[in-house]
Amino acid sequence: MSNNIHMGHRARKRFGQNFLHDHNVIDRIVAAIAPDDDHVLVEIGPGLGALTEPVAEQVEHLNVVELDRDLAERLRHQPRWGRKLTIHEGDALKFDFNQLAEPGRRMKVFGNLPYNISTPLMFHLFETVDSVESMHFMLQKEVVQRLCAGPGHKNYGRLTVMAQYYCKCLPVLEVPPGCFTPPPKVDSAVVRLVPHLEKPHPADDVATLERVVASAFAMRRKTLRNNFKGQINDAEFEQLGIDPSLRPERITVAQYVAMANLVARRG
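For clarity, every value in this text was computed on a predicted model and none was experimentally measured.

Another point: the packing of helix α6 (residues 158-166) against helix α7 (residues 206-218). It is at 9 Å that the axes of α6 and α7 come closest, and there the two elements cross at 155 degrees. Relative to α7, α6 is oriented roughly antiparallel. Both α6 and α7 take part in a crossing whose hand is right-handed. Where α6 approaches α7, its residues R158, V161, M162, Y165 and Y166 are matched on the opposing element by V206, L209, E210, V213, A214 and F217.

What follows deals with the side chain of S188. Mapped onto the elements of the fold, S188 is located in strand β9 (residues 188-195). Once residues within four sequence positions are removed from consideration, S188 is found in contact with Y115, M138, L139, Q140, K141, E174, V175 and F180.

Turning next to the state of the cysteines. Going through the model one piece at a time under the given rule, you end up with zero disulfides. Note on C179: no disulfide assigned, nearest cysteine sulfur contributed by C148 at a separation of 19 Å. In this structure C179 comes out as buried when scored by relative accessible area, which is 6%.

Here we come to the UniProt feature "domain: Ribosomal RNA adenine methylase transferase N-terminal" (unreviewed entry) in the protein chain. Taking the UniProt record as the reference, the feature "domain: Ribosomal RNA adenine methylase transferase N-terminal" (unreviewed entry) is found at residues 25-197. Helix makes up 29% of residues 25-197 and strand 28%, with an end-to-end C-alpha separation of 29 Å.

Another aspect to go through is the domain arrangement of the protein chain. Domains assigned within the protein chain are domain 1 (5-195) and domain 2 (206-265). With 13 residues of domain 1 at the contact, the number on the domain 2 side is 15 residues. Taken together, both faces of the contact between domain 1 and domain 2 bury some 1,100 Å²; the carbon and sulfur share is 73%. Our enumeration of links across domain 1 and domain 2 arrives at zero salt bridges. Taken together, the connections running from domain 1 to domain 2 amount to four residue pairs in polar contact (both at pLDDT 80 or more). Ranked by the residues each element gives to the side of domain 1 that touches domain 2, the list is headed by α6, at six residues.

Bringing α7 into the picture now. An α-helix turns once every 3.6 residues. As a result, residues three or four positions apart point the same way. Look at α7: 18 Å from first C-alpha to last across 13 residues, which is about the 18 Å you get at 1.5 Å a residue. Every buried residue of α7 is accounted for by T208, L209, V212, V213, A216 and F217. Seen along its axis, α7 keeps its buried residues to an arc of 155 degrees; they face one direction. Along α7, exposed side chains directed more than 90 degrees from the buried face belong to R211 and A218. On its buried face, α7 is in contact with α6, α8 (224-227) and α10 (253-266).

In this section: the sheet that holds strand β2 (residues 40-44). One open sheet holds the seven strands; their spatial order is β4-β3-β2-β5-β6-β9-β7, and the pairing between them is mixed. Among the strands making up the open sheet, the edge pair consists of β4 (85-89) and β7 (167-175). When the angles between neighbouring strand axes are averaged without regard to direction, this sheet yields 20 degrees. The pairing of β2 with strand β3 (residues 62-66) spans three bridges and is parallel.

Where a strand is regular, its side chains alternate between the two sheet faces. Of all nine residues that make up strand β6 (residues 132-140), seven are buried, and the element is covered over most of its length. As paired strands, strand β5 (residues 107-112) and β6 are joined by six bridges and run parallel to one another. Its bridge partner lying in β6, F110 is registered against H136. Viewed along the sheet, the connection from β5 through helix α4 (residues 118-126) into β6 turns out right-handed. With six bridges connecting them, β6 and β9 associate as antiparallel partners. Counterpart to M138 in the pairing with β9 is V190.

Parameters at a glance
- Residues numbered from 1 in each chain as written.
- Predicted model: local features only at pLDDT ≥ 70, side-chain atom pairs only at ≥ 80, totals over all residues.
- Heavy atoms only, no water.
- Axes fitted to C-alpha atoms, helices over the stretch in contact; angles between N-to-C directions.
- Helix = DSSP H or I, 4+ residues; strand = E, 2+ residues; numbered from the N terminus.
- Parallel < 35°, antiparallel > 145°, perpendicular 65-115°, else oblique.
- Left-handed = near helix turned anticlockwise from the far one by under 90°.
- Contact = heavy atoms within 4.5 Å.
- Disulfide = S-S within 2.5 Å.
- Buried < 20%, exposed > 50% of the residue type's maximum accessible area, 1.4 Å probe, protein only.
- UniProt positions renumbered as here; feature names shortened; annotations may be inferred.
- Domains from an automatic or database assignment.
- Buried area = accessible area lost by both parts, 1.4 Å probe.
- Salt bridge = Lys/Arg side-chain N within 4 Å of Asp/Glu carboxyl O.
- Polar contact = N/O pair within 3.5 Å; in protein donor to acceptor, adjacent residues only side chain to side chain.
- Expected span 1.5 Å × (residues − 1).
- Arc of directions from axis to C-beta.
- Pairing = 2+ DSSP bridges.
- Right-handed = clockwise from strand over helix to strand, strands pointing away.

Next comes the structure, spelled out in structure tokens:
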């Protein structure tokens, strides 16, 4: 990594910036992303270019979405690989990722995501998964555990169900705080999200599924029977083969979809 890239940029608290500098970790993440010219490559929050540079070295072109003007400006003037970048300045939460997909070329999306926006950003990206081949994100370790949790696990929740509805979620590696400047106060991890080409459990209406999952986990200590009083009765739970005395974290993705489809079909 060229040294000049770190000079003069102070990490900004409000952007949740922690810059990755460990070469071994960087190499492993880039290998997981597997950059190639058959896909449209998109990086969210390139920061000081720790992942941007090694990825750009391997491909003809890379899109980056960066909110921090100074960093966008700095990337623009990188010698050698800077010319391969198309820089989209702005907020990833409001950015339309679909516009970057090309006919016959799906997207590989990656980034070291600021902790404060990781969950809403995931939900935003799920809206574009039909044109995404894979997503690799550095996140707080606890968020990766939530994404990959199974039913009955304490980290299993709304994010888990929606992520696994859209994608296969796999942890890639854990990254200790010392790999970043400044070191964050939490452990980090990299996750691989691979959107299902065909959803194993398709929902009739995704908005209904989101609503059902959100209301289930709004009170995770309560049973399904209590959470869905007036919406789904015991006879209907029986018809779906779901025990209404269970708590929300015991219910599989397939069962949530079945509940949502029952609600959606009833109109």
